[in-house]
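# Working through the structure, step by step
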Amino acid sequence: MLKRTHTCGQLRLSDAGKKVILAGWAHSYRDHGNLVFIDLRDKEGLTQLVFNPVTQPNVHKLAKTVRCEWVIAARGMIQPRSEGMENPKLPTGQIEVSVQQLEILNPSKTPPFEIDSAEKTSEELRLTARYIDLRRPKMYQKLRVRHRVAKIVRDYFDRLGFLEIETPFLAKSTPEGARDFLVPSRLHENCFYALPQSPQLFKQILMVGGVDKYFQIVRCFRDEDPRADRQAEFTQVDVEMSFVDSNDVIGVHENLIAKIWKQILDVDVKAPMRRLSYKEAMADYGTDRPDLRFDMKLKEISDIAKKSSFNVFTSAVEKGALVKGLCAPGEKYSRSDIENTLTAFVADYGAKGLAWTKVKKQDEKLSLAGGTAKFFSPDLQKKIIERFEAKDGDMILLVADKEKNANKALTPLRCKLAKDLKLYDQNCFEFVWVVDFPLFEANEDEKRYDSLHHPFTAPTQEDLDKLETDPANVCSQAYDIVVNGCEIGGGSIRIHDPKVQQKLFDLLNISKKQARRQFGFFLKALEYGAPPHGGIAIGLDRLIMLLTGTDNIRDVIAFPKTQRGQCLLTDAPSEVDAGQLEELNLRTQRHLHAIEQKKDDQK
RNA sequence: GGGGCCGUAGCUCAAUUGGAUAGAGCAUCGGACUGUCGAUCCGAAGGUUGAGGGUUCAAGUCCCUUCGGCCUCGCCA
């Protein structure tokens, strides 16, 4: 076998005269009857091979048989291309290899799609023939960024004295949070492992174990419906540290993020980063993961709206709902755009309606015109205009609903408008830490509290007493890192006092018995000198999505799954032999039906 | 579990809105060609219109069921 001496992306004019061997895939071939050209491709680039029938008749003959995606190796001499024959589109376009020996390492069937038109090919086919898709330079680039980020992460934590420690994948199921993937135990009948949703308890126990500084680039599993930015299995940069407060954890990670952005994109990220309290974020942006690339803050105008003559608003405010909205440059939107497109848009998020009005300048004075304007007196109109700091030509869009519902509709609306109106630079990154989360959110259906993050998040020292008196207003020591409206990580200082942890379980309506059964091992660990500790988990897939500019998580995973959790390449999940089930003491519904059928037949 | 979009040749799409033998570009195969680089030119082959059922004189087109892909609501401590 010819062994390569160079890659297909590195040869330049200065290499002219060198004897080289290249290996790769035939990207394209151009047969002129006499001269034959083959563009040879490997992960580094393309280099043109030229076959001359006069000087190398046998090699030329063989070259004529080569087809796209055949794997070949070629030995030859680098020669400068003659004048006018250079290809400025290729970094190697100044030279070509005049081939003296050609070896066909492996022919290929005609590929199911052409590499050059993969962008236009259905993702379904690309996933089915992933090995073809991965040959594309763009795909390789994304894998490379992923690798480089992982390397930066490992080097960074290593230098700071962190240990990367593996935690079990065959773990204990806990009912909270997402649905677990279960793995049946062969040795323990009727028992199951769960694949970890995160190594949360293990990393905390590592802190009790004195490890002090832990990190892991680790796969996590959550059996929930996928989305464009969500897969059932995904990767986290998982971190835990002892003897720290929130600021320590935040500091370490904003430096890491800055380092990654600098090394991958050559972008300077300011550290320390901005911080927003949960309250501010919810009030101004309607979400705990605000997109700060543009302003367009949400404003509540319940106080003004309740004085209007618009029944929808007045009755809503009376019922304890609020009127909230935003103000956007409105020239681009016609009345029907608003009443059809935008109203339908917010309806998808549960909004019952979208009230609108436009801001007009007349005689140097701003007033409202159109839509709901008629329900507001000039005085109220003035107040609305002031509240939104509205300008001539703006449109004001309002939703009247319970706070939660209004926010749920307005947040995506705000993002959609900003995108449509191009209110921000696509290439900028606005990082923000969202802090001061409440510890709980009320679960109205089941009349109890739910953890906003998870039940191991510590309340602030000041609010410890409120756990007894006023749980709804207890603030937690949690923090989320958000960029461009995307949550890329979150964590908290944890509870290290078993009594506080028990109190939390009580408030979450987890009985002592249940707590002991599910978390007993953990509560016990806390009783043996658990240090104060805290940590964070950063979503690696989303990080890579941001760094590579894709909004499809499957693009940054070598072998991703579809919306229905299938791997089109391997056809997982698939049925298994009855014998395998037997060994695991499992019966599927179909299995049981078959057994019943057999019994009936015997009768 | 709900909503939306999609499925026609290996690939990307078309088919005058229910009408005749389902077309085109690329790819493939054969031929021609001395410098191309999305080579060009000539020719050929290529179809269970995702699957099943229905309406109709007639279905790629309309209806029902089903499979698959994508987006999304719910869900994702």
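Since we're looking at a predicted model, the values are computed, not measured.

## Things to note about the overall build of chain A
Broken down by element type, chain A carries 18 helices and 22 strands. In terms of principal-axis extent, the alpha carbons of chain A reach across some 90 × 80 × 65 Å. As displayed, chain A offers around 31900 Å² of accessible surface, 49% of which is attributable to carbon and sulfur atoms. Between the mean site of the 90 positive side-chain charges and the mean site of the 87 negative ones, chain A shows a separation of 3 Å.

## Structural notes on the nonpolar core
Counting residues in each nonpolar core, the largest one holds 66 residues, and the members touching the most others are Val149, Phe157, Ile260, Trp261 and Phe431. Setting aside residues up to four positions removed in sequence, Ile260 forms contacts with Val149, Ile152, Val153, Leu265, Leu543 and Leu547.

## Considering the protein's contact with RNA strand B
In the vicinity of RNA strand B there are 49 residues, among which Arg30, Asn34, Met85, Glu124 and His453 approach most closely. Each atom of RNA strand B within 4 Å of the protein was assigned to sugar, phosphate or base; sugar and phosphate come to 57%. Interatomic distance of 2.7 Å between a backbone N/O atom of Pro112 and a sugar or linking oxygen of RNA strand B. Mapped onto the surface near RNA strand B, the elements with two or more residues apiece are strand 1 (19-31), strand 2 (36-42) and helix 2 (123-128). For the surface near RNA strand B, the leading source of residues is strand 1, giving 4 residues. Looking at the surface near RNA strand B residue by residue, the classes come out as 11 nonpolar, 17 polar and 21 charged.

## Focus: the sheet that holds strand 4 (residues 71-80)
Through backbone hydrogen bonds, the strands of a sheet pair up, either in parallel or in antiparallel fashion. Strands sit in the order 1-2-3-5-4 around a closed barrel of 5 strands; the barrel is mixed. Within the sheet, the average angular offset between the axes of one strand and its neighbour, ignoring direction, is 55°. Strand direction decides the pairing type here: strand 3 (residues 45-51) and strand 5 (residues 95-106), joined by 2 bridges, are parallel. When the bridges of strand 5 are listed, Val50 appears paired with Ser98.

## Side note on the environment of Ile384
Along the chain, Ile384 turns up in helix 11 (residues 378-388). Residue Ile384 is classed as buried on the basis of its relative accessible area of 1%. Residues Ile384 and Gly539 lie 155 residues apart in sequence; the distance between their C-alpha atoms is 40 Å.

## Brief notes about the side chain of Glu69
Relative to the elements of secondary structure, Glu69 occurs in the loop between helix 1 (57-63) and strand 4. One polar contact links Glu69 to Arg41, side chain to side chain, over a distance of 2.9 Å. For Glu69, the side chain forms a polar contact with the side chain of Arg135, separated by 2.8 Å. For Glu69, the contacting residues outside a window of four places in its chain are Trp25, Ala26, Arg41, Ser108, Pro111, Ile115 and Arg135.

## Re the packing of helix 10 (residues 335-347) against helix 12 (residues 403-420)
Viewed as axis vectors pointing N to C, helix 10 and helix 12 meet at an angle of 135°, and their least axial separation amounts to 9 Å. Taken together, the axes of helix 10 and helix 12 are oblique relative to one another. In the packing of helix 10 onto helix 12, the handedness of the crossing is right-handed. When helix 10 is examined against helix 12, the residues Leu342, Phe345 and Val346 are found in contact with a partner set consisting of Ala409, Pro412, Leu413, Lys416 and Leu417. By residue class, the composition of the contact of helix 10 with helix 12 is 7 nonpolar, no polar and 1 charged.

## Side note on the packing of aromatic side chains
Summed over all chains, the structure comprises 18 aromatic pairs. Residues Tyr278 and Phe437 carry aromatic rings whose centres are separated by 5.3 Å and whose planes lie at 45° to one another, so their mutual orientation is tilted. Of the two residues, Tyr278 is situated in helix 7 (residues 278-285) and Phe437 in the loop between strand 17 (431-435) and strand 18 (440-443); the sequence distance between them amounts to 159 residues. Residues Phe310 and Phe375 carry aromatic rings whose centres are separated by 4.5 Å and whose planes lie at 15° to one another, so their mutual orientation is stacked. With Phe310 in the loop between helix 8 (302-305) and helix 9 (311-318) and Phe375 in the loop between strand 15 (365-369) and helix 11, the pair connects residues that are 65 residues apart, well separated along the chain. Given a relative accessible area of 15%, Phe310 falls into the buried group. Counting every residue linked through ring pairs, the aromatic cluster contains Tyr156, Phe157, Phe162 and Phe215. A cation over a ring is seen here: Arg293 above Tyr424, with NZ or CZ 4.0 Å from the ring centre.

Reading the values: the criteria
- The numbering scheme is per chain: residues are counted from 1 as the chain's sequence reads.
- Labels are handed out in written order, letters beginning with A for the chains and numbers beginning with 1 for the ligands.
- A pLDDT threshold of at least 70 governs which residues receive local features in this predicted model, and a stricter bar of 80 or more applies before side-chain atom pairs are shown or counted, although totals over entire chains, interfaces and linings include all residues.
- In computing side-chain values, all of the structure's heavy atoms are included and hydrogens and water are not.
- Every helix listed is a DSSP run of H or I at least four residues long, and every strand listed is a run of E at least two residues long, numbered separately from the N terminus.
- Surface accessibility in these figures is a Shrake-Rupley result with a 1.4 Å probe; residues are shielded only by whichever protein chains are displayed.
- Lys and Arg are tallied as positive, Asp and Glu as negative. Neither His nor the chain termini are counted.
- Where a charge lies is defined by one atom per residue type: Lys uses NZ, Arg uses CZ, Asp uses CG and Glu uses CD.
- The nonpolar core is taken to be a set of buried Ala, Val, Leu, Ile, Met, Phe, Trp, Tyr and Cys residues, with the residues joined through side-chain atoms within 4.5 Å.
- Here the term buried applies to any residue with accessible area under 20% of the maximum for its type, exposed to any over 50%, and partly exposed to those in between, with areas from a 1.4 Å probe on protein chains only.
- Working rule for contacts: check all heavy atoms of both residues, and any pair within 4.5 Å makes them a contact.
- In these notes, residues near a molecule or strand are those with any non-hydrogen atom within 4 Å of it.
- Whenever a nitrogen or oxygen atom comes within 3.5 Å of another N or O atom, the pair is scored as a polar contact, on the condition that within protein one atom can donate a hydrogen and the other can accept it, and that pairs from neighbouring residues in sequence are kept only if both atoms are in side chains.
- When residues are grouped by polarity, Ala, Val, Leu, Ile, Met, Phe, Trp, Tyr, Cys and Pro land in nonpolar, Asp, Glu, Lys and Arg in charged, and all others, Gly among them, in polar.
- A strand pair is defined by DSSP finding two or more bridges across the two strands.
- To obtain an axis, a line is fitted to C-alpha atoms, over the contacting stretch when the element is a helix, and the angle between two such axes runs from 0 to 180 degrees between their N-to-C directions.
- The cut-offs work like this: below 35 degrees is roughly parallel, past 145 is roughly antiparallel, 65 to 115 is roughly perpendicular, and the gaps in between are oblique.
- For any pair of crossing helices, the crossing counts as left-handed if the nearer helix is rotated counterclockwise from the farther one by less than a right angle, and right-handed if it is rotated clockwise.
- When the centres of two rings from Phe, Tyr and Trp lie within 6.5 Å, Trp using its six-membered ring, the rings pair. Their planes under 30 degrees apart give stacked, over 60 give edge-to-face, and anything left gives tilted.
- The rule for a charge over a ring is simple: NZ of Lys or CZ of Arg within 6 Å of the ring centre, and within 35 degrees of the ring normal.

Scope: geometric values only; no functional claims are made or implied.
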